[in-house]
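# Summary of structural features
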Amino acid sequence: MLEKLRQFISDVVAPSAPDELNFDDGGYRLAATALLIHVISLDGEPSEVERRKLHSLLEARFGLDAATASRLIEDAMLVEGEAVDLYHFTSVIMRSVNEEGRLRIIEMMWELVFADGNVTEFEENVVWRAADLLAVSARDRINLKRQVAAQQVETDPAN
């Protein structure tokens, strides 16, 4: 396990790292996807609704086709499983993504939290910690949460 983590870190900093683990030129997508996977995995195995929502978010927000989104998810699952904390991913995002992009990532996290209709304190805590590490203010984080919650109610009046 430690060797895999060492290899991952060396892949991140080595210019000759394989594309799927290289955080250069779009590597923030891998880091963001790993954060998103972390969110939907907190309460056990991600539900089908959460998986579909993750796919649709990646396709829409990152402009990916279905196959590329699936490949990104597979790669992100590997790196997320080896990560010991959120900082590993948020530091990559901070180096690569402007404030607007970081807000979009937090919004995507909220969309996944609300996807299954069951918001847990663990999910809220992870979004709070990620937002803090991404320099997203508490006000912006809460506003994004309210915005996504309102959209959820509009699209699913049963809630």
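This text gives an overview of the structure that appears in the document.

Analysis parameters
Residues numbered from 1 in each chain as written. Predicted model: local features only at pLDDT ≥ 70, side-chain atom pairs only at ≥ 80, totals over all residues. Heavy atoms only, no water. Core = buried A, V, L, I, M, F, W, Y, C linked by side-chain atoms within 4.5 Å. Buried < 20%, exposed > 50% of the residue type's maximum accessible area, 1.4 Å probe, protein only. Helix = DSSP H or I, 4+ residues; strand = E, 2+ residues; numbered from the N terminus. Contact = heavy atoms within 4.5 Å. Salt bridge = Lys/Arg side-chain N within 4 Å of Asp/Glu carboxyl O. Axes fitted to C-alpha atoms, helices over the stretch in contact; angles between N-to-C directions. Parallel < 35°, antiparallel > 145°, perpendicular 65-115°, else oblique. Left-handed = near helix turned anticlockwise from the far one by under 90°. Nonpolar A, V, L, I, M, F, W, Y, C, P; charged D, E, K, R; others polar. Phe/Tyr/Trp six-rings, centres within 6.5 Å; stacked < 30°, edge-to-face > 60°.

## Structural notes on the nonpolar core
Counting 40 residues, the largest nonpolar core has Leu-54, Leu-58, Ile-93, Ile-106, Met-109 and Trp-110 as the members making the most contacts within it. Listing elements by their share of this core, those giving two or more residues are helix 2 (27-41), helix 3 (48-62), helix 4 (66-82), helix 5 (87-96), helix 6 (99-115), helix 7 (121-133) and helix 8 (138-155). Residues in contact with Ile-106, not counting those within four places in the same chain, are Val-127, Ala-130, Ala-131, Leu-134, Val-136 and Leu-144.

## Notes on helix 5
Of the positions making up helix 5, those classed as buried are Phe-89, Thr-90, Ser-91, Val-92 and Ile-93. The elements touched by buried residues of helix 5 are helix 2, helix 4, helix 6 and helix 7.

## A look at the pattern of salt bridges
Opposite charge on two side chains allows them to pair when their charged atoms are near. Taken as a whole, this structure holds 5 salt bridges when the rule is applied. Residues Arg-51 and Glu-45 are paired through a salt bridge, measuring 2.4 Å at the closest nitrogen-oxygen approach. Glu-45 gets classed as exposed once you look at its relative accessible area, which sits at 63%. One salt bridge in this structure joins Arg-61 and Glu-107, with 3.5 Å as the shortest N-O distance.

## A few points about the packing of helix 2 against helix 3
Contact pair helix 2 / helix 3: the axes reach a minimum separation of 11 Å and the direction vectors enclose 160°. By the angle between their directions, the pair helix 2 and helix 3 is classed as roughly antiparallel. You can see that helix 2 and helix 3 cross each other, and the crossing is right-handed. When helix 2 is examined against helix 3, the residues Tyr-28, Arg-29, Ala-32, Thr-33, Leu-36, Ile-37 and Ile-40 are found in contact with a partner set consisting of Glu-50, Leu-54, Leu-58 and Phe-62.

## Thoughts on the packing of helix 2 against helix 4
Packing of helix 2 against helix 4 brings their axes to within 8 Å, and their N-to-C directions diverge by 70°. Taken as axis vectors, helix 2 and helix 4 run roughly perpendicular relative to one another. For the pair helix 2 and helix 4, the contacting residues are Arg-29, Leu-30, Thr-33, Ala-34, Ile-37 and His-38 in the first and Leu-72, Ile-73, Asp-75, Ala-76, Met-77, Val-79 and Glu-80 in the second. Grouping the amino acids of the contact of helix 2 with helix 4 by side-chain chemistry returns 8 nonpolar, 2 polar and 3 charged.

## Here we look at the packing of aromatic side chains
Considering all chains together, one arrives at 2 aromatic pairs under this definition. Measuring from centroid to centroid gives 5.9 Å for Tyr-28 and Phe-62, while their planes differ by 90°, and the two rings are edge-to-face. In this pair, Tyr-28 is assigned in helix 2 and Phe-62 in helix 3, connecting sequence segments 34 residues apart. Judged by relative accessible area, Tyr-28 falls into the partly exposed class, the value being 22%. Their ring planes at 45° and their centres at 6.2 Å tell us that Trp-110 and Phe-114 sit as a pair that is tilted. Of this pair, Trp-110 and Phe-114 both sit in helix 6, 4 residues apart, roughly one helical turn. The burial state of Trp-110 is the same as that of Phe-114; both residues are buried.

## Observations regarding unusual backbone geometry
Phi angles above zero are rare outside glycine, and Ala-135 is one such case at about 60°. By the secondary structure assignment, Ala-135 is in the loop between helix 7 and helix 8.

## Considerations on the side chain of Thr-90
The topology assignment puts Thr-90 in helix 5. With near-sequence residues (within four places) excluded, Thr-90 lies in contact with Leu-35, Ala-130, Leu-133 and Leu-134.

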